[in-house]
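# Working through the structure, step by step
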Amino acid sequence: MSHRRGSLKRAAALLIAALLLALTGCSVPEDGTEPSDGAELTRYQASFLELFDTVTTVLGYSSSEEEFEAEVQTFKDELRTYHELYDIYNDYEGVNNIKTINDNAGGDPVEVDQKIIDLLLFCRDMYEKTGGKTNVMLGSVLSVWHDAREYGIDNPEEAYLPDMAELESAMEHTGFDRLVIDDEANTVQITDSEASLDVGAVAKGYAVQRVCETLPEGLLVSVGGNVCATGPKPSDGSAWVIGVQDPDGTASEYLLRVNISEGSLVSSGDYQRYYTVDGVRYCHIIDPATLTPPTLWRAVSVIYSDSGAADALSTALFCMDRESGTELLAEFPGAEALWIAPDGELIMSEGFGEYLYEE
């Protein structure tokens, strides 16, 4: 098990209660059933901790447990495929994945599954639209921070910050011009032996979106906080109620709740994956402009129809001031955002308030 897997599983264990509460925040009868056109549907929930190194939860209503279990298994099987393809740390027999591409950096093109080609083309598009704030070619820089963070978590009294000269040297190997994507030949090549892909800012949300597009309507899924609704609750057609966590509260304390009938809510923040050096918290998100974790916001949540784009946007907005972030958000019609400032102030985009849940 890599250090990254260990730290994320520790974090996932702390977050599971919050995820379950967020997903079941709506009110239902004590017996767990609700009427629907004369038929009785039962609410079911399943959780597992195997894929994308995080807690995955599926919530839905079904006429039988067997029917719900079959839907969850289909979701899990599909998500596993993306998990293996987008993994940057582990090999899988017979699979050329992102790690395979990184291992061959500076060498020949690697033939890959179309799902990898599609992801990387999407990432290149988001790189351009976010002005480089969401950059999956930042692997060399993120690796330096990853090593420091994991060491600091395991050895808090010896926690250190990466040397800026080392970060600046790594930044020289992060350009998208070092990534060659051949859509016709289904190959990917990193031309710089010191460059590497890290798709963590996008892959999870992108995978969730692709899989949810194949699921029945009326399910709610959360993969490490990437929440996606495939339609309103089939029990009564109402929206799902999802909590936005308070960065300074416990895992079950929310600043507010939102109604989502279809689409995604994705959050990025400094309160989940971080370490502390001399009493200062440093999160896992790195601003390519400063090569350090941003401090403009405690968290940013994005509501959008596409979970992959919402994932990329939440990362980019976390690294941007409000004015720049608002301009970027305008390029994605229908996207709304909530910024949580360091002093606790809540700043909403123009249409975010329409999603607020009121009891």
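Residues numbered from 1 in each chain as written. Predicted model: local features only at pLDDT ≥ 70, side-chain atom pairs only at ≥ 80, totals over all residues. Heavy atoms only, no water.

### A closer look at the confidence of the model for the chain
Defined as follows: Per residue, pLDDT captures the predictor's confidence, and it can take any value from 0 to 100. Whether two residues are in contact is decided by their heavy atoms: any pair within 4.5 Å suffices.
Per-residue confidence for the chain gives a mean pLDDT of 89, with 88% of residues at or over 70. Within the model, the stretch residues 1-38 combines pLDDT values under 50 with 78 contacts to residues more than four positions away or in other chains.

### Some thoughts on the packing of helix H2 (residues 65-86) against helix H7 (residues 203-212)
The following threshold applies: Interaxial angle, 0 to 180 degrees, is taken between N-to-C directions of lines fitted to C-alpha atoms, where a helix line uses only the stretch in contact. Strands here are runs of E lasting at least two residues and helices are runs of H or I lasting at least four, both read from the DSSP assignment and numbered beginning at the N terminus. A crossing counts as left-handed when the near helix is turned anticlockwise from the far one by less than a right angle, and as right-handed when that turn is clockwise. Under the scheme applied, nonpolar residues are Ala, Val, Leu, Ile, Met, Phe, Trp, Tyr, Cys and Pro; charged residues are Asp, Glu, Lys and Arg; polar residues are all the others, including Gly.
Direction vectors running N to C along H2 and H7 enclose 145°, while the axes themselves pass 10 Å from each other. Crossing of H2 over H7 shows right-handed handedness. Of the residues in H7, those touching H2 at Phe75, Glu78, Leu79, Tyr82 and Tyr86 are Ala203, Tyr206, Ala207, Arg210 and Val211. Its residues assigned to classes, the contact of H2 with H7 shows eight nonpolar, no polar and two charged.

### Regarding the pairing of strand E6 (residues 187-190)
Our working definition: Two strands qualify as a pair provided DSSP detects at least 2 bridges between them.
The pairing of strand E4 (residues 110-111) with E6 spans two bridges and is classified as antiparallel. Following the sheet pairing, Glu111 is matched in E6 by Thr187. Here strand E5 (residues 179-182) pairs with E6 via four bridges, running antiparallel. Along E6, the bridge assignment pairs Leu179 with Ile190. The turn joining E5 and E6, which pair antiparallel and follow one another in sequence, is formed by four residues; a positive phi near 55° is taken by Asn186.

### Regarding the side chain of Asp270
In plain terms, the rule: Under the scheme applied here, a residue whose accessible area is under 20% of the maximum for its type counts as buried, over 50% as exposed, and between as partly exposed, the area being computed with a 1.4 Å probe on protein chains only.
Within the element layout of this structure, Asp270 appears in the loop between strand E11 (263-269) and strand E12 (274-277). The class of Asp270 is buried, set by a relative accessible area of 13%. With residues near it in sequence (within four places) discarded, Asp270 still touches Arg281, Cys283, Trp297, Arg298 and Phe318.

### Digging into the packing of helix H8 (residues 307-318) against helix H9 (residues 322-329)
For the record, the criterion: Any angle between 65 and 115 degrees counts as roughly perpendicular, while under 35 counts as roughly parallel, over 145 as roughly antiparallel, and the rest as oblique.
Across the interface, H8 lies against H9 with an axial gap of 9 Å and an inter-helix angle of 160°. Classified by the angle their axes make, H8 and H9 are roughly antiparallel. Seen along the crossing, H8 lies across H9 with a hand that is right-handed. Counting all contacts with H8, which are made through Leu313, Ala316 and Leu317, the residues of H9 involved are Gly325, Leu328 and Leu329. For the contact of H8 with H9, the residue count by class is five nonpolar, one polar and no charged.

### Things to note about the nonpolar core
Counted only if it meets this: We define a nonpolar core as any set of buried Ala, Val, Leu, Ile, Met, Phe, Trp, Tyr and Cys residues linked to one another through side-chain atoms lying within 4.5 Å.
Among the nonpolar cores identified, the biggest contains 71 residues, and Phe52, Phe75, Tyr86, Ile101, Leu197, Val199 and Leu317 are the most heavily contacted of them. Not counting chain neighbours up to four residues away, the residues in contact with Leu317 comprise Trp297, Val300, Val302, Gly325, Leu328, Leu329, Ala337 and Trp339.

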